[in-house]
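Fold and contact review
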Amino acid sequence: MPTHALTRTARMTGLFYLGNAITGVLGFLIVRPQLFAADDPNATLANLVAHESLARAGVALELGMVVTQTLAAVWFHRLFRTADPVAASGIAAFGLVNAIVGLVSAALLATAVGVSVDPVGDAAANVQVLYLVSDNLWGVGALFFGLWLVPMGWCVLRSGWMPRVLGWVLVAGGAGYVLSAFIRYLAPDAQVVAEALAYPASVGEFWMVGYLLIRGVRRHVRDEASTVHQPTPVAS
């Protein structure tokens, strides 16, 4: 891939990854806590009724995660396919599974909003179950959130386009994410441990976003690519 195309692809990948992070933070850390009361179905229903626009925004953010996750998965494959085709395909495949998780979760949240507006049966219980299923869908989805980071880190190590430490952080973070999914359900009293295992993944992901947007790929890689594509002088 020509040097300018490689840099452009890296920055587009970073842009989509950033969009995925922004929609995720807004949806999970800001909107969801204002609507979902884990131990009080009546409160969850009351929140949805009182803040319908916010609830619909939560669905839109979930859909935004689906779109940006899909585009990031495709662009990561495009970026790393020459470095390691198998690992690049793994990033794309696992990333698309993440997008499917988000799509199903968005459907559950949309149904919850619909039930709060036009109640069906025990509206409070139904809404609560929908939110609980959405929450656990993301919980088990941590398997693939981790699995897509492992080949991403491997591609960083194979390509030499980013710092090797970043590659190892991504691999370790991905493994920690996968392990955290099991701990969440096998040892529900050890949630602090499960959360701690996911921290390296967050560090690696934000580092990757920043590197892709600011640097793209390492300068020596760009220089080598320019040398490779420079026309060979014709002897007189």
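1. A closer look at the nonpolar core
Formed by 56 residues in total, the largest nonpolar core has its most connected members in Phe-76, Phe-80, Trp-148, Met-152, Met-162 and Met-208. Of all the secondary-structure elements, those providing two or more residues to this core are helix 1 (3–35), helix 2 (41–50), helix 3 (52–80), helix 4 (85–117), helix 5 (123–159), helix 6 (164–186) and helix 7 (191–214). In terms of residues, this core owes the most to one element, helix 5, which gives 14 residues. Once residues within four sequence positions are removed from consideration, Phe-76 is found in contact with Thr-13, Tyr-17, Ile-91, Trp-148, Met-152, Met-208 and Leu-212.

2. Overview of the environment of Thr-23
Along the chain, Thr-23 turns up in helix 1. Taking the relative accessible area as the measure of exposure, Thr-23 reaches 13% and is therefore buried. For the pair formed by Thr-23 and Arg-215, sequence separation is 192 residues and the distance between their alpha carbons is 23 Å. Not counting chain neighbours up to four residues away, the residues in contact with Thr-23 comprise Leu-61, Gly-64, Met-65 and Thr-68. For Thr-23, the side chain forms a polar contact with the main-chain oxygen of Asn-20, separated by 3.1 Å.

Rules and cut-offs
- Residues numbered from 1 in each chain as written.
- Predicted model: local features only at pLDDT ≥ 70, side-chain atom pairs only at ≥ 80, totals over all residues.
- Heavy atoms only, no water.
- Core = buried A, V, L, I, M, F, W, Y, C linked by side-chain atoms within 4.5 Å.
- Buried < 20%, exposed > 50% of the residue type's maximum accessible area, 1.4 Å probe, protein only.
- Helix = DSSP H or I, 4+ residues; strand = E, 2+ residues; numbered from the N terminus.
- Contact = heavy atoms within 4.5 Å.
- Polar contact = N/O pair within 3.5 Å; in protein donor to acceptor, adjacent residues only side chain to side chain.

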